[in-house]
Amino acid sequence: MKRIIPFFLFISSFYGCSHIVDAPWNNTPVPVVYSIISPNEITQVYLNKTYNSNLPIEKSPYPQAKVFICGVDSNWVELSRLQADTCIFEDKQQLLKVEKGKTYYLKIELDNSIIHAQTTVPSNQLTIKDVNCVTDGTTNNSLVNGQIVKNYVCRLDLSFEGTPKTDSGFFISAFSQHLYGSTNPDQQNFLAPVFYCPTDTSSFEISLTTIDPYFSKYLNAQSINSLQSDYSANMVSAITQTFGGVLPPFSNIENGVGLFGSSVTDNRRVKLIKPVE
Amino acid sequence: MNAQNPEIRYKVHGQILDSRTGKELKRIPITVFPFNKVVDTDNKGRFLFSMPPGDYKFRIDYAPFDKKEIAFNLKSDTVMVIELRSPFTSQYLEGVEITAFRKATEIPTAIRQIDNLQLKALPALIGERDILKAFSLTAGVTASSEGAADMQVRGGLHGQNLYLLDGIPLYSTEHFFGLVSVYNPTIIKSAKLYKADFPAEYGGKISSVINVQTQDADLKKFKGEAEISLLTSKIMLNIPVVNDKLALSVAGRLSNYSLINLISPIIPQNIGTRFSFHFGDINTSLNWKISEKDKLKLSFFSNTDGIDVQNKMDNDLNKVWIKNKQQNGGLNWYKTFSEKAENHVLVYADNYGYDFGNSVQNVITSKKQIIQILTDIHSEGIVEKFRYIPSDKLNFNTGFSVKTFGFTPYQINQNDSDLNTKKTSTQTQLTEGIAYLEGDYKFARQQNLSLGLRFNSVGNQEKIYNNLEPRIGYHGIFKNDFSLSASIGKMTQPIHRVANSGLGFPFEMFFPTSTYLLPESSWNFSLGCAKDFDWNKRNFSIKVDAWYKTMNNIVEFQDGYDAVFSTIIAPQNTILDTKKYLTQGNGKAYGIDFSANYNVKNWSLTADYTLMKAECQFDQLNNGRPFAASTDIRNSISLTSQLKLSESWSFSATWQFNSGKPITVPTYIFANPVSNLKPDQVSDYDGTLYQRVITQRNNYRTKPFHKLDISFTHNYKAFKHYNATISLGVYNVYNNANPFMYYIDGVQNPNKTYKPVLKYMSLFPILPSFNWSLKF
């Protein structure tokens, strides 16, 4: 009982409650565009609309939309829907050639408006100089897609060269996981003292991706967003762990919101160094 | 001067009355200086003295009335009627006051004063009376959120107010997220708020000055006061050590939750969730009367706050804590050279610390991970003030001060079994030197002009900023019932207090002026008038004050940063460079304050209203476009009424209304099309992750805030001898759910996905309030 007293008093002093109010985003939806173009990647464009809690969610809200991209040659390439009921468009013929340092334009024709955006593919690409992944044989289990995976606990050491343009950024990824990202690196190396590598793998691919400024801002906003959680059951967390700043703007879509960005990636195969058995 | 002629004697006779009832007060002790003799009034409150011509001072210090001192030059037979304040009608008195009510015309319209008795007459949150909350009921002042013991004055932020406790600036004024202020109400003698018309002796903040004076220890009489409310317990003791020479005053306050924590057994750490929190403060002063002309006062103040939450999940013990502490100590030397010249020297040191952390410990392996943010500020200073009154028409105030700061805005400890890092922001040393001179000139009867100049130099080896701050004030009274006030003043602020600007809790950080961060400055303009009406034992007064304020180099977090995540998320080297996450801009605010007060025998009503607008502009924020400041509360109203029900019972009620304040809420939200980073992994919306788009800063107005508080107060004799007061009240009578903070949450859809919703949290529903105090 004595234990309950302080808890009760604490809760009673925060008796309050949370109340739902109408949010600004429950207004007329606007188009959402998302596309990252990259050399050697098939170009895709996602087209949807902003969320409104009063309206049903549609899988393909703009059935009549036409999506075009062009480079400096001014030849518009029309993208086609991946499937009939999807909101993803793709350059199936691979007509668009994406090159470093070039500027590309996006145009989407809707029933009553036209969306524009542009991006310049990073020219100052960061490249991997050296990478090592070493384990002493220690293992660990992790849960991936509902399956228990046995991993080596490794130390990953990567160095790179090159300097991205101001406001551009980069990220390092492996096993489809984002390992590290930043803008304007001050140190051209990355060390992960704890890195999990599946025990059935002898080598893996690591990627160093240089991204344009808008993509960098988008990732920054996304990383802050990912901090947000459902705090309805824990007011202390709501007070101490909610991001209290203002999210950085990232949209470069005219007549809509979202991102038309670009990136270039340097991939390297890494051999896992294990102790001699 | 006391050049007395023993050949001639004049009579001073008069009577002491209770200002509230008009009744004579019998056997009231009057101390007559320079003789230092005590004479009591007779059964009808009368007194009679026969004295040679010269300068004299009467001191009347008799509980429960306000202490009063009357200085006069005896040149002929004199008649005095002295009225002492009773609790119900109390208004602040400074120096000589022989009228029943302080008239609205008597002080400039930009200045508000509250004394201890007036504070005690107000209803309070959960029985806790608070000087800052009392000020937030006045025109031009709002609290940042419901229940917050902070102040936003005329479009300025809480961190732009200079909070003084016996002349020493405070870094933090809040206990427990702002629920009560650190000013212990039992020892407050008086508090004065300058919304403009700043005297040259004050500076260092750009928005307002709150000067709180604590009571001096009584050198002759042992006395004390104990008080208990739902939230805290307090005790104050006044202990004469050497009669009429040396006395000690101690006042302590502790949250009742802290007491419960103390008496609760230690809870095993592997059981459930445990909350523990406490706050407390202590004020002590040692007063030594060396002679009639020399007095020393040694003071010490300390406050602490803490909240700990422990939670056990599987084998992990999670802890979150927020702690802050503040201490200061000062030695005051008051020297009276003559009736026309006095000097005050203050030497002080202070310290502020903040600790916000989170740890996870595996109870089996004992491996522990800690992320901890620490702030440390310490400073030392010396203040010299000299006052000289060459004539009835002229007086001068001059002085200087030197203060050194040591700043560690934050240190981050990240520690676990495999990783041990420590990020420390640059420790900054800063020195501030100040000199000022101010003259008050009475150029005609009841016409006063004040001219002052303050020089401020702040910096270190890297950069020094010099500022001149002119201060001009005028206050004139016409026909005793109408006054005009006007003032212009510049203020500068070398220490920046930066609060979160988005949703969620408004955590704050301190940053010193540096090569990158320029000192903030403001120009404050004020023009007002007041009018008193008296008829048939009724008093009505009205004050109007129009104001305009410009603010330069105000500081905000850049987009994407806040007081917690600028330090944790930012790359390791970012915290060394404030220009990566702070930015400076300009602001302006203007408005008009109205105050009205009506007093009749047993009833008083005070109404305050402010109409204002505040906006700011930062090149790096909001695409450079101006936006509404977070303090832009367009309309604020407060009504306070006090009714005397009987000789011992009184009733008071307060109603407050503030229109919504601007906050930043996403304009659009969309389902994140990627769960990963590669373009070829774009997928259809899965309903779990949303991206927010903010198109405009402070684009949304919170719900208006309004509430009604009432309380009944009963004065009685406890244990036959002691004055006791019991107050019973109700906070937020009609149970309005006022917003405390807004946040975005997820609500589950029938298909188990989550939809984003905007929520606000309200903290204080209808609540009982209780307060009992005993004077002994």
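Heads up: the structure comes first, above all this text.
All values reported here derive from a predicted model rather than from experimental measurement. As a convention, each chain's residues are numbered from 1 in the sequence order in which they are written. Numbering of ligands from 1 and lettering of chains from A proceed in the order in which they are written. A pLDDT threshold of at least 70 governs which residues receive local features in this predicted model, and a stricter bar of 80 or more applies before side-chain atom pairs are shown or counted, although totals over entire chains, interfaces and linings include all residues. The side-chain values count all of the structure's non-hydrogen atoms but skip hydrogen atoms and water molecules.

**Notes on the overall build of chain A**
Put simply, the test is: Strands are runs of DSSP state E lasting at least 2 residues, helices are runs of H or I lasting at least 4, and numbering of each runs from the N terminus. Buried means the residue's accessible area, taken with a 1.4 Å probe over protein chains only, is under 20% of the maximum for its type, while exposed means over 50%, and partly exposed covers the values in between. Here, residues are in contact when the closest pair of their heavy atoms is within 4.5 Å. Only the protein chains shown count as cover for residues, and all accessible areas are computed by the Shrake-Rupley method using a 1.4 Å probe.
Looking only at helices and strands, chain A features 3 helices and 15 strands. Considering chain A as a whole, with its 277 residues, one finds that 48% of them fall into the buried category. In chain A, 66% of the contacts between residues at least 6 apart in sequence involve partners at least 24 apart. Split by element, the accessible area of chain A, about 13700 Å² in all, is 47% carbon and sulfur.

**Here we look at the pattern of salt bridges**
Quick reminder of the rule: For this analysis, a salt bridge means a side-chain nitrogen from Lys or Arg found within 4 Å of a carboxyl oxygen belonging to Asp or Glu.
Going through the model one piece at a time under the given rule, you end up with 29 salt bridges over all chains. Residue Glu109 of chain A is joined to Lys107 of chain A by a salt bridge in which the shortest nitrogen-to-oxygen separation is 3.7 Å. Here the residues in one salt-bridge network are Glu128, Glu227, Lys234, Arg253 and Asp281 of chain B, joined through shared partners.

**Things to note about the packing of aromatic side chains**
To keep things clear, this is the line we draw: Two rings belonging to Phe, Tyr or Trp (six-membered ring only in the last case) form a pair when the distance between their centres is within 6.5 Å. Interplanar angles under 30 degrees mark stacking, angles over 60 mark edge-to-face geometry, and anything in between is tilted.
Summed over all chains, the structure comprises 37 aromatic pairs over all chains. Here Phe195 of chain A and Phe204 of chain A contribute two aromatic rings whose centre-to-centre distance is 5.5 Å and whose plane-to-plane angle is 40°, an arrangement assigned as tilted. There is no split in this pair, since Phe195 of chain A and Phe204 of chain A are both buried. Aromatic pair Trp523 of chain B and Phe525 of chain B: ring centres 6.4 Å apart, planes at 20°, arrangement stacked. What makes Phe525 of chain B partly exposed here is its relative accessible area of 32%.

**Focus on the sheet that holds strand E12 (residues 168-169) of chain B**
All names here are of chain B. Inclusion rule: Strands are labelled as partners when DSSP assigns at least two bridges between them.
The sheet built from 5 strands is open, its strands ordered E8-E15-E16-E11-E12 with mixed pairing. At either margin of the open sheet sits one strand with a lone partner, and together these are strand E8 (111-115) and E12. By the bridge criterion, 5 bridges tie strand E11 (residues 161-165) to strand E16 (residues 208-214) in an arrangement that is parallel. Across the sheet, Leu165 pairs through a bridge with Val212, a residue of E16.

**Details of the sheet that holds strand E3 (residues 37-40) of chain B**
Residues and elements named next belong to chain B. Our working rule: Only the stretch in contact is used when a helix axis is fitted, and all axes are lines through C-alpha atoms; the angle between N-to-C directions ranges over 0 to 180 degrees.
Here 4 strands make up an open sheet; going across it, the order is E3-E2-E5-E6 and the pairing antiparallel. Every interior strand has two partners, whereas the edge strands, E3 and strand E6 (68-74), have only one. The mean inter-strand angle of the sheet, taken between neighbouring strand axes irrespective of direction, is 25°. Two strands pair when backbone bridges link them, and strand E5 (residues 54-60) and E6 are joined in this way by 7 bridges, in the antiparallel orientation. Looking across to E6, one finds that Ile60 is bridged to Lys68.

**Re the environment of Lys120 of chain B**
Residue and element names in this part refer to chain B. Considering the arrangement of structural elements, one finds Lys120 in helix H1 (residues 116-120). Placed 65 residues apart in sequence, Lys120 and Pro185 show a C-alpha to C-alpha distance of 8.3 Å. What Lys120 contacts, discounting residues up to four positions off in sequence, is Arg129, Glu225 and Lys775.

**Details of the nonpolar core**
The condition that has to hold: Side-chain atoms within 4.5 Å link the members of a nonpolar core, which is a set of buried Ala, Val, Leu, Ile, Met, Phe, Trp, Tyr and Cys residues.
Phe356, Phe510, Phe511, Phe557, Tyr581 and Leu582 of chain B are the most contacted members of the largest nonpolar core, which totals 47 residues. The dominant element in this core, judged by the number of residues it contributes, is strand E25 (residues 394-415) of chain B, at 4 residues. Counting 24 residues, the second largest nonpolar core, distinct from the first, contains Ile36, Tyr218 and Val257 of chain A together with Ile694 of chain B.

**Examining helix H2 (residues 213-225) of chain A**
Each α-helix turn comprises 3.6 residues. Residues three or four places apart therefore point the same way. Applied cut-off: Take the number of residues in a helix, subtract one, and multiply by 1.5 Å to get its expected span.
Look at H2 of chain A: 18 Å from first C-alpha to last across 13 residues, which is about the 18 Å you get at 1.5 Å a residue. Among the residues of H2 of chain A, those classed as buried are Phe215, Ser216, Tyr218, Leu219, Ala221, Gln222, Ile224 and Asn225 of chain A.

**Quick word on the side chain of Asp266 of chain A**
Residue and element names in this part refer to chain A. Short version of the rule: His is not counted, nor are the chain ends; Lys and Arg add positive charge and Asp and Glu add negative charge.
Here Asp266 shows up in strand E15 (residues 257-273). No salt bridge is formed by the buried Asp266. Its closest oppositely charged neighbour is Arg268, at 4.4 Å. Excluding anything up to four places from it in sequence, Asp266 contacts Gln125, Leu126, Thr127, Ile128, Ile206, Ser207 and Leu208.

**Quick word on the environment of Ile637 of chain B**
Residue and element names in this part refer to chain B. If you trace the backbone, Ile637 turns up in strand E38 (residues 635-644). Taking the C-alpha atoms as reference points, Ile637 and Leu137, 500 residues apart in sequence, are found 8.0 Å from one another. The contact partners of Ile637, leaving out residues within four places of it in the chain, are Asp608, Tyr609, Trp655, Gln656, Phe657 and Asn658.

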